Amino acid sequence: MKISTLAPANIAFIKYWGRRDHELFLPANNSISMNINGCKTHTTLELVESDQDHVLVKFHKQEYKQLLPDSIKARNIFDQIKRIRQLAGSNLKIKMKSENNFPADAGLASSASSFAAITAALLLAYGLKEKFDDKQELSRQIRLCGSASAIRSAMDGYVEMLTGFDHESSHAVQIAGENHWNLVDIIAIVETGKKKVSSSQGHELAETSPYFQARLTEMQSRLDTVRQAILDKDFTKLGPAIEEESTSMHAIMMTMKPPAYYWGAGSMRVMRALMDWRDEDDLQAYFTFDAGANPHVICEEKDAEEVKHRLESLPEVQWTILNRPCKGVQETQDHLF
Ligand code: DP6
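The paragraphs below set out a description of the structure included in this document. (Residues numbered from 1 in each chain as written. Predicted model: local features only at pLDDT ≥ 70, side-chain atom pairs only at ≥ 80, totals over all residues. Heavy atoms only, no water.)

**Describing the site of the ligand**
Line of reasoning, step 1. Taken together, the neighbourhood of the ligand is formed by 17 residues, with Lys73, Ser111, Ser149, Arg152 and Ser199 sitting nearest.
Line of reasoning, step 2. A distance of 2.3 Å separates an oxygen atom of the ligand from a polar atom in the side chain of Ser111.
Line of reasoning, step 3. Ser147 is positioned such that a nitrogen or oxygen atom in its side chain is 3.2 Å from an oxygen atom of the ligand.
Line of reasoning, step 4. Considering the ligand on its own, with 450 Å² of exposed area, one finds that the protein chains cover 97% of that surface.
Line of reasoning, step 5. Elements that contribute at least two residues to the shell around the ligand include exactly α2 (110-125) and α5 (199-205).
Line of reasoning, step 6. The residue makeup of the shell around the ligand, split by class, is seven nonpolar, five polar and five charged. (Near = heavy atom within 4 Å. Polar contact = N/O pair within 3.5 Å; in protein donor to acceptor, adjacent residues only side chain to side chain. Areas by Shrake-Rupley, 256 points an atom, 1.4 Å probe, with all protein chains shown as cover. Helix = DSSP H or I, 4+ residues; strand = E, 2+ residues; numbered from the N terminus. Nonpolar A, V, L, I, M, F, W, Y, C, P; charged D, E, K, R; others polar.)

**Section: the packing of helix α6 (residues 212-232) against helix α7 (residues 235-254)**
Line of reasoning, step 1. Two numbers describe how α6 lies on α7: the axes approach to 10 Å, and their chain directions differ by 155 degrees. Between α6 and α7, the angle falls in the class roughly antiparallel. Here α6 runs over α7; the crossing is left-handed. On the side of α6, the interface is formed by Phe212, Arg215, Glu218, Met219, Arg222, Thr225, Val226, Ala229 and Ile230, while α7 contributes Lys237, Leu238, Ala241, Glu244, Glu245, Ser248, Met249 and Ile252.
Line of reasoning, step 2. The residue inventory of the contact of α6 with α7, partitioned by class, reads nine nonpolar, two polar and six charged. (Axes fitted to C-alpha atoms, helices over the stretch in contact; angles between N-to-C directions. Parallel < 35°, antiparallel > 145°, perpendicular 65-115°, else oblique. Left-handed = near helix turned anticlockwise from the far one by under 90°. Contact = heavy atoms within 4.5 Å.)

Rendered as structure tokens:
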């Protein structure tokens, strides 16, 4: 029987950068995100009698290729397959196809949607439906594949990931559903190259920044501000807080040993343009970056067309991806094979 799932990426308003436990992938701090409907992973999986797993992946505008365990992310996927097969007490291998509709590794949370879609499909295919239906448990299962930001894609809309202190207490919780607040996330693509320092490396290096502990302390009040701003739909509180947060994380990245510089000239251009548009035209839009050069520009629905138009008129912006809040990972009957 074929199982298919569809999972969104998510954009973090409060970021996860650094872990307190590298084996259980427990993040050093809580994080908060919104699922984004324009960046998705679609996965189809079938159990087969075979001596090996057969995994095909396809990234934006590329061909399907066989996944080989030649990177941390790929090894994490094979480990996740083995772990869930053992959990189910099965000997059956898998045939799987998984595709992203957006560029990978450019700071677009590519592995969050992949790991969420793949973990959900594995649980359903191996008969562990109760772990899929219980979204907190689903989020723990997703975390174990090594991409802790992916656990936020387990639930609908606006989600908080709790750092917790052990496997049981580190899971996602929903702040509000996808229809609560129609924020828009316009991703301005200014670079498409693969990032030089992966998030997995970054989580291990974060503590080498002399400012890491200071960030963990100063961010606590920002977590409350962002959570409350979402509940109150207060954009004047949310906007400045998410910019401050993004820059706080990038300060850590740039002061790690060795450092990681994700911003490029196009990133800086967008940051300055947004500040000008706010000051000069009262156009309220704010940036946030993940581990990449491409800004996610957050605004309210009423300003989305204008912001998108202005971003697209900057010469550094190649194209934009417009996202609205959406549900977390879902099962679908739309199969890829
Ligand atoms: C900068 O290791 O969970 O996006 O790179 O997608 O595997 P992937 O993510 P992960 O680290 C994400 C770090 C971040 C901030 C965030 O999304 O919280």
